Amino acid sequence: MAAKNGAGRDARRTARREARLEVKMERTGTKKAPLLSTKARNILLLVLAGILVLLLGAWIFTDSQSFVAKVDGRRVRNDEYQYFLKLQQSDVESKEGLTAKTYEERKAYWAQDAVNGENPILSAKNAALDNAKEYAIQLQKAKDMGLSVDDTIRTNVDTRIAGIKESLGDAFVSNLEGMGLTEARYTDILRNYHLIENFRTKYLAENYKAAEISDDAVKAVYDKDPNTYDAVSTRILFLAKTKADDGSALDDATIAEKKKLAESLLARVKAGEDMETLVKENSDNESAKESGGLQDLTYSMQPYMPEVVDWAFAAKVGDADLLDTTYGLFVLRVEKRTGYDDAKQGIRTDLEGKAEDDFYTAALDGWMKDPKYNVVLKERVFEKFTIQ
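I will try to describe carefully the structure that is included in this document. (Residues numbered from 1 in each chain as written. Predicted model: local features only at pLDDT ≥ 70, side-chain atom pairs only at ≥ 80, totals over all residues. Heavy atoms only, no water.)

## Some details on the sheet that holds strand S6 (residues 328-337)
- Strand order in this open sheet of four strands is S4-S3-S6-S5, and the pairing throughout is antiparallel. On the outer flanks of this sheet lie strand S4 (294-298) and strand S5 (320-324), each paired with one strand and no other. In this sheet, adjacent strand axes meet at a mean angle of 35° when their direction is disregarded.
- Pairing between strand S3 (residues 231-240) and S6: nine bridges, direction antiparallel. Each bridged residue has a counterpart across the sheet, and for Ser233 the counterpart in S6 is Lys336.
- Along the sheet, helix H11 (residues 275-282) contacts S3 and S6; its crossing angle with S3, the most-contacted strand, is approximately 35°.
- Contacts between helix H13 (residues 306-314) and the sheet are confined to S3, S4, S5 and S6, with S6 contributing the most and set at about 35° to the helix. (Pairing = 2+ DSSP bridges. Helix = DSSP H or I, 4+ residues; strand = E, 2+ residues; numbered from the N terminus. Axes fitted to C-alpha atoms, helices over the stretch in contact; angles between N-to-C directions. Contact = heavy atoms within 4.5 Å.)

As structure tokens, then:
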């Protein structure tokens, strides 16, 4: 019994001591030991600071590689420059007749050491840089004039892109990737072009005064090449020398029969029969059967139907003839043709537009020469660009 009482007293004393300790901790605010020592915390802070410096350095390096040049403080981003380089590549390939060539043939052109004394890739890169400079200057000028991309520009660009998407379908994305652009960046570039056009319009309104264009100047332009401005309304009855289903050539006997038919139809036209009715009854051109075969020919069509256009522009109103070409027989009659009086207003408008363009081009040339807009080129970034 005595042992049990002693054990109970010990347990009660232990409990009282623990209770007093808890009270003391509450009163004195006894703290738990820190997880890290002061030295360890300082080391951790140094490590974190080092990591931040490395991250900041990496960001600065990446950012410094994101543009190829500066013009008056405005960056020419890599994707912008790539866009201009692709446009320049396309322009050169078109002028050199390479558009329809194979990839290997186009690649061989760009692999040449020199074309007309210049390395073709370096020449294209420099031309693209000039175009990027013009772009940057005009955007800066627009900013200086207080212009910016507004809701009207956004709406117009969105509408245009929607139309391009509808036209190209899945090829839209691949075409952008080929230019090194995302849809968002392409949208930005188109918006900037609209902004540049707004600047051009406002600049001309404030600075350009149109000079009067004399009638003699207009007439001199027309007389230099009337075919450029004239149109000849010609009724055309077409008899094909090929099969409608597969385009293969008709046999000689069938062609001979068609030629006899064409000769008889020409005779009937010259005799005064209604040619519109004859076209609707005999032409192998389905659309001509509906329209009566009347077509306004311009000299720009000459490459596509040379014999017909050349004959029409050499003929007079009322002239009729039969043309035998490799692809078909044409019974033709000139119904009407335009002349100077019809063309003079269009020529005047063209001359006014050219004078306005020349004024703006001269201003842009001046800005291009202004040291303020000298290109600050990042050589290492520039060297990475090439043409594949």
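## Considerations on the nonpolar core
- Within the largest apolar cluster, 49 residues are counted, with the highest numbers of intra-cluster contacts made by Val68, Val76, Tyr81, Leu85, Trp110, Tyr186 and Trp367.
- Apart from residues lying up to four places away in sequence, Leu85 is in contact with Ala124, Lys125, Ala128, Phe385, Thr386 and Ile387.
- By size, the runner-up hydrophobic cluster in this structure holds 16 residues, among which are Phe238, Val309, Leu323 and Val334. (Core = buried A, V, L, I, M, F, W, Y, C linked by side-chain atoms within 4.5 Å. Buried < 20%, exposed > 50% of the residue type's maximum accessible area, 1.4 Å probe, protein only.)

## Let's talk about the sheet that holds strand S1 (residues 67-71)
- Strand order in the open sheet formed by three strands is S2-S1-S7, with antiparallel pairing between adjacent strands. Looking at strand neighbours, the two that pair on one side only are strand S2 (74-77) and strand S7 (375-377), the edges of this open sheet. Averaged over all pairs of adjacent strands, the angle between their axes in this sheet comes to 30°, without regard to strand direction.
- Here four bridges tie S1 to S2, and the two strands are oriented antiparallel to one another. If you follow Lys70 over to S2, its bridge partner there is Arg75.
- Seen against the sheet, helix H3 (residues 78-95) touches S1 and S2 and runs at an angle of roughly 60° to S2.

## A look at the packing of helix H6 (residues 151-168) against helix H8 (residues 183-207)
- Close contact between H6 and H8 brings their axes to 10 Å; oriented N to C, the two are set at 130°. Here H8 runs oblique to H6, going by the angle between their axes. The chirality of how H6 crosses H8 is right-handed. Contacts from Ile153, Arg154, Asn156, Val157, Asp158, Arg160, Ile161, Ile164 and Lys165 in H6 reach Glu183, Tyr186, Thr187, Leu190, Arg191, His194, Leu195 and Asn198 in H8.
- Split into classes, the residues belonging to the contact of H6 with H8 amount to seven nonpolar, four polar and six charged. (Parallel < 35°, antiparallel > 145°, perpendicular 65-115°, else oblique. Left-handed = near helix turned anticlockwise from the far one by under 90°. Nonpolar A, V, L, I, M, F, W, Y, C, P; charged D, E, K, R; others polar.)

## Things to note about the pairing of S3
- Counting buried positions along S3 gives ten out of ten residues, so the element sits mostly inside the fold.
- The alternating pattern of S3 places Ala231, Ser233, Arg235, Leu237 and Leu239 on one face and Val232, Thr234, Ile236, Phe238 and Ala240 on the opposite face, and all of these are buried.
- Relative to S4, S3 runs antiparallel, the two sharing five bridges. When the sheet's bridge partners are listed, Val232 is paired in S4 with Leu297.

## Notes on the side chain of Arg74
- Mapped onto the elements, Arg74 comes out in strand S2.
- Polar contacts involving the side chain of Arg74 include one to the side chain of Glu80, which spans 3.0 Å.
- What Arg74 contacts, discounting residues up to four positions off in sequence, is Ala69, Glu80, Tyr135, Ala136, Leu139, Gln140 and Asn192. (Polar contact = N/O pair within 3.5 Å; in protein donor to acceptor, adjacent residues only side chain to side chain.)

## Let's talk about the packing of aromatic side chains
- Across all of its chains, the model carries 20 aromatic pairs by this definition.
- Seen from their ring centres, Tyr109 and Trp110 are 5.1 Å apart, and the 85° between their planes marks the pair as edge-to-face.
- On the basis of relative accessible area, Tyr109 is assigned to the buried category, the value being 11%.
- Its relative accessible area of 3% is what places Trp110 among the buried residues.
- On the basis of an interplanar angle of 85° and a centroid distance of 5.1 Å, the ring pair of Tyr299 and Phe313 is categorised as edge-to-face. Note that Tyr299 is positioned in the loop between S4 and H13 and Phe313 in helix H13, a separation of 14 residues in sequence. (Phe/Tyr/Trp six-rings, centres within 6.5 Å; stacked < 30°, edge-to-face > 60°.)

## Details of the pattern of salt bridges
- Following the criterion strictly, the structure yields 23 salt bridges and no others.
- For Asp79, the salt bridge is made with Arg185, and the minimal N-O distance between the two is 2.8 Å. Taken together, the positions of Asp79 in helix H3 and Arg185 in helix H8 put the pair 106 residues apart, joining distant regions of the chain. The same class applies to Asp79 as to Arg185, namely buried.
- Glu335 is the partner of Arg333 in a salt bridge, and the nearest nitrogen-oxygen pair spans 2.9 Å. (Salt bridge = Lys/Arg side-chain N within 4 Å of Asp/Glu carboxyl O.)

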